[in-house]
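Inside the fold
Spelled out, the chains give:
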Amino acid sequence: PAPPALLPYVPRVPPAALPGKLTATTFALERPCCVFDRHANASDTVWLAVAFANASAAFRNPPSRADVPPYEQLPTAHSYMTLETAAATYACSASSPAVLRVGGDTLCGGQGGRDPCNGPLPSPGPYRVKFLVMGCHGPKAETRWSDPILLRR
């Protein structure tokens, strides 16, 4: 399969003052708007890959949804994917919240379910994140990695 298209977008924490922008276990990200419109269709999903900053270079895009690294593997794999979202949610025309929260789901870690968990981050990091568009045949497009994001201690 062809490698995914590299989009010139860099995920970032919103520059504006925002309550809870960075906490000990979560951080906020700007919602990417219009970034994926030319590369995604209605059936595609957009994921957020989260990795320890020193492990981002070793991250490999999963070939299919079944291979997505789960939150539970973060301590050993040093990365996971979460926030599976319909690509249309990020379309230019979508009216959705301006901010995404990473690490905000305190309930999912113990379920053992297959749903992608957006669980609390276990340490201050730093972390790097990127968005990945997944179609039925695997990755279609990806953004650049963010700058390192350090949580509050």
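Everything numeric in this text was worked out from a predicted model, so none of it was measured. (Residues numbered from 1 in each chain as written. Predicted model: local features only at pLDDT ≥ 70, side-chain atom pairs only at ≥ 80, totals over all residues. Heavy atoms only, no water.)

Section: the overall build of the protein
Spelled out, the test is: By the criteria applied, helices consist of DSSP H or I runs no shorter than four residues and strands consist of E runs no shorter than two, each listed in order from the N terminus. With the radius of gyration taken over C-alpha atoms, the globule rule is written as 2.2 Å times the number of residues to the power 0.38. It only takes one pair of heavy atoms within 4.5 Å for two residues to be counted as in contact. Per-residue accessibility takes into account occlusion by the displayed protein chains alone, with areas from the Shrake-Rupley method and a 1.4 Å probe. Neither His nor the chain termini are counted; the positive set is Lys and Arg, and the negative set is Asp and Glu. A charge is said to be at NZ when it belongs to Lys, at CZ for Arg, at CG for Asp and at CD for Glu.
Secondary structure assignment for the protein yields one helix and seven strands. Secondary structure elements of the protein, listed N to C terminal, follow the sequence β-β-β-α-β-β-β-β. On C-alpha atoms alone, the protein measures out to a radius of gyration of 15 Å, which is about the 15 Å that the 2.2 N^0.38 rule sets for 153 residues. Projecting the C-alpha coordinates of the protein onto the three principal axes gives extents of approximately 40 × 35 × 30 Å. At a minimum sequence separation of 6, the contacts of the protein that also span at least 24 residues come to 71%. Carbon and sulfur atoms make up 57% of the accessible area of the protein, which totals about 7,900 Å². Separation between the mean location of the 14 positive side-chain charges and that of the 10 negative ones in the protein comes to 8 Å.

Let's talk about the state of the cysteines
Test applied: Counting rule for disulfides: a pair of cysteine sulfur atoms within 2.5 Å. Think of it in three bands: residues with accessible area under 20% of the maximum for their type are buried, residues over 50% are exposed, and the middle band is partly exposed, with areas taken using a 1.4 Å probe on protein chains only.
In total, this model carries one disulfide according to the counting rule given. Sulfur-sulfur distance for the disulfide between Cys-34 and Cys-92 comes to 2.2 Å. Within this pair, whereas Cys-34 is found in the loop between β2 (27–30) and β3 (45–52), its partner Cys-92 is found in the loop between β4 (79–86) and β5 (99–102), the two being separated by 58 residues in sequence. Judged by relative accessible area, Cys-34 falls into the partly exposed class, the value being 35%. The exposure class of Cys-92 is partly exposed, given its relative accessible area of 44%.

Some points on the side chain of Ser-146
Note on placement: Ser-146 falls in the segment after β7 (138–142). Looking at Ser-146, the relative accessible area reads 0%, which means it is buried. Discounting chain neighbours no more than four positions away, the residues touching Ser-146 are Val-10, Pro-11, Tyr-127, Arg-128 and Val-129.

With respect to the nonpolar core
Applied cut-off: Throughout this description, the term nonpolar core refers to a set of buried Ala, Val, Leu, Ile, Met, Phe, Trp, Tyr and Cys residues connected via side-chain atoms within 4.5 Å.
Leu-29, Val-102, Leu-121 and Phe-131 are the most contacted members of the largest nonpolar core, which has 29 residues in total. Counting residues per element, the ones that place at least two in this core are β2, β3, β4, β5 and β6 (127–135). Counting residues in each nonpolar core, the second largest holds nine residues, with Trp-47, Val-68, Leu-132 and Trp-145 among its members.

What to know about the pattern of salt bridges
The condition that has to hold: Basic side-chain nitrogens of Lys or Arg form a salt bridge, by our definition, when they fall within 4 Å of a carboxyl oxygen of Asp or Glu.
With the rule as written, the count across this model stands at four salt bridges. Where Arg-12 meets Glu-30, a salt bridge forms, and the shortest distance between an N and an O atom there is 2.9 Å. Of this pair, Arg-12 sits in the loop between β1 (5–6) and β2 while Glu-30 sits in strand β2, placing them 18 residues apart in sequence. Linking Glu-84 and Arg-65 is a salt bridge whose minimum nitrogen-to-oxygen distance equals 2.8 Å. A residue pair is termed long-range when its members are at least 10 positions apart, and Glu-84 in strand β4 and Arg-65 in the loop between β3 and α1 (74–77) qualify at 19 residues. Residue classification places Glu-84 among the partly exposed positions, given a relative accessible area of 30%. Here Arg-65 falls in the partly exposed class, since its relative accessible area comes to 41%.

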